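A look at the structure
One-letter residues, chain by chain:
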Amino acid sequence: MARRLTPWRWAVLGLAALYFLVPLAASVVFTVDDPDGISFDAYTKILSTGGFVSSLLLSLELAVATIVVVLLLMVPAVVALRLGAPRLRPVVEVVCSLPLVVPPIAFVAGIVSVLKWGPDHLSKTPLFQTFVAIQNPSFPVVLVLAYVVMALPFVYRALDAGLCAIDVRTLVEAARSCGASWPKALVRAVLPNLRGALLNASFLTLALVLGEFTVAQLLGYQPFAVWIYNVGSDQAQMSVAVSVLSLLVTWALLLALAGVGGGRNRTAPSRG
C-alpha cells in the first residue's frame, strides 16, 4: 500500500512546491528585471533606505515583548488547567480561539474606542498618563497587547500539543515530593519537557508580529510590514525584494527550528 501511494505523495509534494515556488520565483524575477538587463540594486539598496533599520528593530522588539508576555500568561495557565481544572479546557479553548473569528478591522475599532475613551474620561486621573505611555511611538505597548491577543490561538495550540505529549501531573508531583515549590516545579520539571512547544509558540508569534499589517497601520505606527507597504508606493521592486528576503528568513527559521527539534529527538537517550 505504501509503495502504491508513493507516486501520489510525490505528485502532491510537487504541486505544493509549484504553488509556493512559482510566485516566489516570479517575485525574484521582478526584483532583478531591468531595461538594461539583470540588476540587483533592489537588494543592495535595502540597508541604505530610510526607515528600514528602525522599522525592523521595532518589529523585533515588539516580537520579543509579545513572546515574553504571551508565554508568561499562557504557560502557567495551561499547566494549571491540566492539573486543577481539566473541565474548563473547552472554555479556555473557545476563549483563546476568539481572535480567529473577530475581524482585524473590528478588533482595531475596539482598540481605538478604548484609547479615545481614556482621555475623554480619565484626563484628570493618574491613569491618563498610562494611556499616553502605551501609545509611545518609539515602543507602542498597545501593539504588544494587541499582538498578545492575536497570538493566543497559536500559542495555546502549540502548548496544548506539547502538554499532551508529557505526563504533567507526574512531573509536578515528583518535583513537589522532592521539596520544590510550585514555581520551581514548573521551571525545573515542566518547562524542560516543553522546549519544542515553547519554540513552536515563539516562532509562530514571531512570524505573526513580523507580518502583521492591519492593526499597526490603522493605529498609525510603522513596524516592518507597514514600512514595506509604504516603500512599495514609490519603490515597488525594493518592496518586493524586502518581502522575498523576509520570507526566506522566515523559512530559514522554520527549518532551523525543525532541525533543532529533530536533532534533540535523535540524541535523546532511549528508555527501555
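The structure this text deals with has already been given above.
Note that the structure is a prediction, hence the values are computed from the model and not measured.

Conventions adopted
- Residues numbered from 1 in each chain as written.
- Predicted model: local features only at pLDDT ≥ 70, side-chain atom pairs only at ≥ 80, totals over all residues.
- Heavy atoms only, no water.
- Helix = DSSP H or I, 4+ residues; strand = E, 2+ residues; numbered from the N terminus.
- Buried < 20%, exposed > 50% of the residue type's maximum accessible area, 1.4 Å probe, protein only.
- Contact = heavy atoms within 4.5 Å.
- Axes fitted to C-alpha atoms, helices over the stretch in contact; angles between N-to-C directions.
- Parallel < 35°, antiparallel > 145°, perpendicular 65-115°, else oblique.
- Left-handed = near helix turned anticlockwise from the far one by under 90°.

Considering the environment of valine 75
Structurally, the position occupied by valine 75 is in helix H3 (residues 52–84). The exposure class assigned to valine 75 is buried, which follows from its relative accessible area of 6%. Once the C-alpha coordinates of valine 75 and phenylalanine 20 are considered, the two residues, 55 residues apart in sequence, prove to be 34 Å apart. Sequence-distant contacts of valine 75, that is, excluding residues within four places in its chain, are made with Leu159, Leu186, Leu191 and Leu198.

Re the packing of helix H8 (residues 168–177) against helix H9 (residues 182–190)
It is at 9 Å that the axes of H8 and H9 come closest, and there the two elements cross at 120°. Classified by the angle their axes make, H8 and H9 are oblique. Helix-helix and strand crossings are classified by hand; for H8 and H9 the assignment is right-handed. Here H8 contributes Val168, Leu171, Val172, Ala175 and Arg176 to the contact with H9, which in turn contributes Trp182, Ala185, Ala189 and Val190.

Comments concerning the environment of leucine 73
When you line up the elements, leucine 73 lands in helix H3. Residue class for leucine 73 comes out partly exposed when judged on its relative accessible area of 47%. Each C-alpha atom of the pair leucine 73 and valine 148 lies 9.3 Å from the other, and the pair is 75 residues apart in sequence. Not counting residues up to four positions away in its chain, the partners in contact with leucine 73 are Val148 and Leu152.

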